[in-house]
Amino acid sequence: MKKLIPGFLLLTLFASCVGGVPDKKEVKNKNANTDREYRILKEAYKEYFYIGAAVKLGEYDSTPFYQTYSEDVLKNFNSFTAENGMKPENIYREDGSFDFTYGDRLVDYALKHNAVVRGHTLVWHNQSKTLFSKDMDKEAAKTLLKNYIQNVAGHFKGKIYAWDVVNEAVGDGSQWRTSSPWYKYYSGPEYIRDAFIFAKETDPDALLFYNDYNMVNSSKRARVVKMIKDLDLISAGLDGVGIQAHWNLYWPSKSDIEQAIKTFADMGLKIHITELDIDCYSGNSLTKEIDYTARLEQQLAERYAEIFSVFRKYSQYIDSVSFWGISDKDSWLNYFSGGRTFDKERKNYPLLFDREGAAKEAFFAVSAF
Ligand code: G3I
């Protein structure tokens, strides 16, 4: 077996292949007008990496994912990430109390379905307003950070395979995201190192990641490498990087992706591909809503096939690949593209399942290799 898989997963794999034939599932694809048989994703990739998805847990008047999707769809995944439910605004109350409702729903589901959970995220500049209801000095910020991580990583200890300990702390055009409240109250980037130290102390068995977007861009990637070296994050407990894959039909190139993987692999860091989705407007926020035509379906399938060929080529360094959502209906990209948020939905088609939960050609392209 390629990687050390927790005991419960090994048993499941044995059970599902006891007849010697990997579990074959027919997935009706209305676009193909035929029942097509093929391997479910977690089976197809069991020698490569975990296949994951970000999911809704009811945190914003949404229905928990396991009440939205059929078992046929959900059984494709053996890793789950709370899209919003485990972020500070959905855990920490301004009175200093904690609410683990949504994270508990996810870890309970994952345990029952032999899947792992990626914890997203302990430290972020966004969706954290309940932590910062008043100003504070550096000592108070450090106490707040330690208390938050000890409570959250402590509550989920033993149930989280990997944490996005710090998310998006590096600047887009400068070394640091100085707009982060953590940066402001710490008067600098030391909160990043402290976060890894506190997380490692609290749950030494969880893998600890730094997660960020645009790391396929050489200048952003160089700033992340500088951060890791200057703050000596590996000695603080950093195990790997989460390469957010909010990509599109044309960008990044295969070589951009390969360069990012090689850079961090050469540092001895584990790699998780996180937040994978393909913006079908390719970042153009001005384009009117487009239809999901047969041509676009084919283009998306070819793009996903190309991207997964790179992931398989570097699977010795990649332990997990997670989509940012399960179906197109879920996607944040229905309200965001090209750096702009829309008031009204502009339908996007970034994922492997369509709005009715049917497998798209992209799904077949990822599974059949
Ligand atoms: O739908 C509810 C609405 O009913 C409610 O009244 C309102 C109250 O604020 O919230 C609405 O929910 C919104 C939610 O998306 C819908 O899913 C939240 O406002 C909005 O903040 C939330 O946005 C999330 C975004 O992070 C916030 O920055 C997206 O779901 C989530 O996909 C996105 O994920 C981030 C990753 O965590 C980090 N990497 C970038 C990625 C995309 O921004």
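Basis of the calculations
- Residues numbered from 1 in each chain as written.
- Predicted model: local features only at pLDDT ≥ 70, side-chain atom pairs only at ≥ 80, totals over all residues.
- Heavy atoms only, no water.
- Core = buried A, V, L, I, M, F, W, Y, C linked by side-chain atoms within 4.5 Å.
- Buried < 20%, exposed > 50% of the residue type's maximum accessible area, 1.4 Å probe, protein only.
- Contact = heavy atoms within 4.5 Å.
- 1 Å grid on protein atoms, 1.4 Å probe; cavity = no way out; pocket = protein on both sides within 12 Å on 5 of 7 lines; lining within 4 Å.
- Points joined across faces, edges and corners; volume = space filled by probe spheres on them.
- Helix = DSSP H or I, 4+ residues; strand = E, 2+ residues; numbered from the N terminus.
- Nonpolar A, V, L, I, M, F, W, Y, C, P; charged D, E, K, R; others polar.
- Near = heavy atom within 4 Å.
- Polar contact = N/O pair within 3.5 Å; in protein donor to acceptor, adjacent residues only side chain to side chain.
- Areas by Shrake-Rupley, 256 points an atom, 1.4 Å probe, with all protein chains shown as cover.
- Sits in = over half its atoms within 2 Å of the grid points.
- Pairing = 2+ DSSP bridges.
- Axes fitted to C-alpha atoms, helices over the stretch in contact; angles between N-to-C directions.
- Expected span 1.5 Å × (residues − 1).

> Hey, could you go over the nonpolar core for me, with residue numbers and the actual values?
Ranked by size, the top nonpolar core spans 109 residues in total, and within it Trp163, Phe264, Tyr304, Phe308 and Phe311 carry the most contacts. Setting aside residues up to four positions removed in sequence, Tyr304 forms contacts with Leu276, Asp277, Ile278, Phe323, Pro350, Leu351, Leu352, Ala362 and Val366. Ranked by size, the runner-up nonpolar core spans six residues in total, among them Val116, Tyr161, Ala162 and Leu207.

> Requested: an account of the layout of surface pockets, with residues and values cited.
Here the largest pocket is characterised by a volume of approximately 1,000 Å³. The element contributing the most residues to the lining of the largest pocket is strand β8 (residues 240-248), with four residues. For the lining of the largest pocket, the per-class residue count stands at 10 nonpolar, 18 polar and 12 charged.

> Account for unusual backbone geometry, naming residues and giving values.
It is generally the case that most residues other than glycine have a negative phi and that most peptide bonds are trans. Put simply, His120 and Thr121 share a cis peptide bond, and its omega is -5 degrees. Its place among the elements puts Thr121 in strand β5 (residues 116-123). A cis geometry characterises the amide bond from Trp251 onward to Pro252, with omega recorded as -5 degrees. A positive phi angle is found at Asp61, which is not glycine, with a value near 40 degrees. With respect to the helices and strands, Asp61 occurs in the loop between β3 (50-55) and α3 (65-68).

> Got a sec to walk through the environment of Lys159? Specific residues and values, please.
Looking at the element boundaries, Lys159 is found in the loop between α6 (138-155) and β6 (162-167). We classify Lys159 as partly exposed; its relative accessible area is 45%. It is 9.0 Å that separates the C-alpha atoms of Lys159 and Asp108, two residues lying 51 residues apart in sequence.

> If you had to explain the site of the ligand to someone new, which residues and values would you point to?
Taken together, 17 residues form the shell around the ligand, and within it Asp61, Glu83, Lys87, His120 and Glu275 come nearest. Taking Asp61, its side chain carries an N or O atom lying 2.4 Å from an oxygen atom of the ligand. In the environment of the ligand, an oxygen atom lies 3.0 Å from a nitrogen or oxygen atom belonging to the side chain of Asn126. Taking 780 Å² as the accessible area of the ligand by itself, protein coverage stands at 59%. Taking a 2 Å distance to the grid points as the criterion, the majority of the atoms of the ligand fall inside the largest pocket. Residues of the shell around the ligand, tallied by class, amount to four nonpolar, seven polar and six charged.

> Kindly report on the sheet that holds β8, identifying the contributing residues and their values.
In spatial order, the strands read β3-β4-β5-β6-β7-β8-β9-β10; together these eight strands close into a barrel with parallel pairing. Recorded for the sheet is a direction-independent mean angle of 30 degrees between the axes of neighbouring strands. Here strand β4 (residues 79-82) pairs with β5 via three bridges, running parallel. If you follow Phe80 over to β5, its bridge partner there is Val117. Across the face of the sheet, helix α12 (residues 294-313) comes into contact with β3, β8, β9 (270-279) and β10 (318-323) while running at roughly 175 degrees to β9.

> Account for empty space enclosed by the protein, with residues named and values stated.
Applying the stated criterion across every chain yields a total of two cavities of 30 Å³ or more. As a volume, the largest cavity reaches approximately 40 Å³. Every residue along the wall of the largest cavity is listed here: Val123, Trp124, His125, Val166, Asn167, Glu168, Ala169, Arg177, Ser180, Trp182 and Tyr191. Tallied by class, the residues present in the lining of the largest cavity amount to six nonpolar, three polar and two charged. For the second largest cavity, the calculated volume is near 30 Å³. For the second largest cavity, the full set of lining residues is Thr81, Arg118, His120, Asp164, Thr274, Glu275, Ser322 and Trp324.

> Any details on helix α9 (residues 218-230)? Residues and values, ideally.
Here α9 is 13 residues long and its end C-alpha atoms lie 18 Å apart, about the 18 Å a rise of 1.5 Å per residue gives. Turning to α9, its buried residues number three or more, namely Lys220, Arg221, Arg223, Val224, Val225, Met227 and Ile228. Looking at the buried positions of α9, the neighbouring elements they touch are α8 (190-202), β7 (207-212), α10 (233-236), β8 and α11 (254-266). Note on α9: the residue one or two positions beyond its end, Asp232, has a positive phi of about 50 degrees.

> Break down the environment of Lys157 for me, citing the residues and quoting the values.
Position of Lys157 among the secondary structure elements: in the loop between α6 and β6. Overall, Lys157 belongs to the partly exposed group, its relative accessible area being 44%. Once the C-alpha coordinates of Lys157 and Ala206 are considered, the two residues, 49 residues apart in sequence, prove to be 7.9 Å apart. In contact with Lys157, other than residues within four places in its own chain, are Thr202, Asp203 and Pro204.

Purely geometric numbers; function is a separate question.
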